[in-house]
Amino acid sequence: MAFKWRKWNRAIHRDFGYFFFGMVIIYAVSGIAINHLNDWDPNYVVITQDIQIEPINHKPDKNEIKQILAEYGEESNYKSHYFPDEGRLKIFLKDGTAWVDISDGTGLIEKTKRRLFLREVNYLHYNPVKYWTWFSDIFAGALIILAISGLFIVRGPNGLSKRGWWLTLTGILIPLIYLLVYFF
């Protein structure tokens, strides 16, 4: 009785594919987000609001600052404040800050809000704890097995002996060419 390696290959590929489906989605989504760090913050949304107050010719105290914030619904988010220079007020808020030029009354409230789902998957992508790193390493090994076993699933003209060979070779050459151009 001959060993049926194609049957085992399909079974391993199928079961690893099912088991690591969630990990593939987590790493794919967070990978796309991390690729675009220069374009946006995948962990937080920054919300800005221009504000205008009556100009003030003295340094306001905590109560006056809370009254200013009350007009914008932020008085309960007040934490502290200081004057970085004459005529400018910086207010620390829960999840944000406000800047006010007290001499002309212009200002800006800037708040951050966590992005749902993306922040969490990015956290996992950065391997936060030792046990998660081990699981991620197992996943990386499984990806290698999935890649190799996937080469031998399809037979015939679409398999590795014809069309699959050219696609595999192209998929290897693209990163190699990029590395050659980038490093040399």
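Above: the structure in question.
These notes cover the structure that comes with them. Source: prediction; values computed, not measured.

The rules we used
Residues numbered from 1 in each chain as written. Predicted model: local features only at pLDDT ≥ 70, side-chain atom pairs only at ≥ 80, totals over all residues. Heavy atoms only, no water. Helix = DSSP H or I, 4+ residues; strand = E, 2+ residues; numbered from the N terminus. Buried < 20%, exposed > 50% of the residue type's maximum accessible area, 1.4 Å probe, protein only. Contact = heavy atoms within 4.5 Å. Areas by Shrake-Rupley, 256 points an atom, 1.4 Å probe, with all protein chains shown as cover. Lys, Arg positive; Asp, Glu negative; His and termini not counted. Charge placed at Lys NZ, Arg CZ, Asp CG, Glu CD. Pairing = 2+ DSSP bridges. Axes fitted to C-alpha atoms, helices over the stretch in contact; angles between N-to-C directions.

Observations regarding the overall build of the protein chain
Point 1. On a plain count of helices and strands, the protein chain comes out with six helices and five strands.
Point 2. Once the C-alpha set of the protein chain is aligned to its principal axes, its extents read approximately 95 × 40 × 25 Å.
Point 3. Taking all 184 residues of the protein chain together, 24% fall into the buried category.
Point 4. Long-range pairs, those at least 24 residues apart, make up 57% of the contacts in the protein chain with a sequence separation of at least 6.
Point 5. Roughly 13300 Å² of accessible area belongs to the protein chain as shown, and the carbon and sulfur atoms make up 62% of that amount.
Point 6. Side chains of the protein chain give 21 positive and 18 negative charges; the mean places of these two sets differ by 25 Å.

Let's talk about the sheet that holds strand β5 (residues 106-114)
Point 1. One open sheet holds the five strands; their spatial order is β1-β5-β4-β3-β2, and the pairing between them is antiparallel. What marks the edges here is a single partner per strand, and that holds for β1 (44-52) and β2 (78-85). Here the strands of the sheet are splayed against their neighbours by 15° on average, with no regard to which way each runs.
Point 2. In this sheet, β5 lies alongside strand β4 (residues 96-101) in antiparallel orientation, the contact comprising six bridges. Paired with Asp-101 across the two strands is Thr-106, which belongs to β5.
Point 3. Where helix α3 (residues 62-70) meets the sheet, it contacts β2 and β3 (88-93), and its direction lies at approximately 105° from that of β2.

A closer look at the side chain of Ser-149
Point 1. Within the fold, Ser-149 resides in helix α5 (residues 130-151).
Point 2. For Ser-149, a relative accessible area of 4% gives the class buried.
Point 3. Not counting residues up to four positions away in its chain, the partners in contact with Ser-149 are Asn-9 and His-13.

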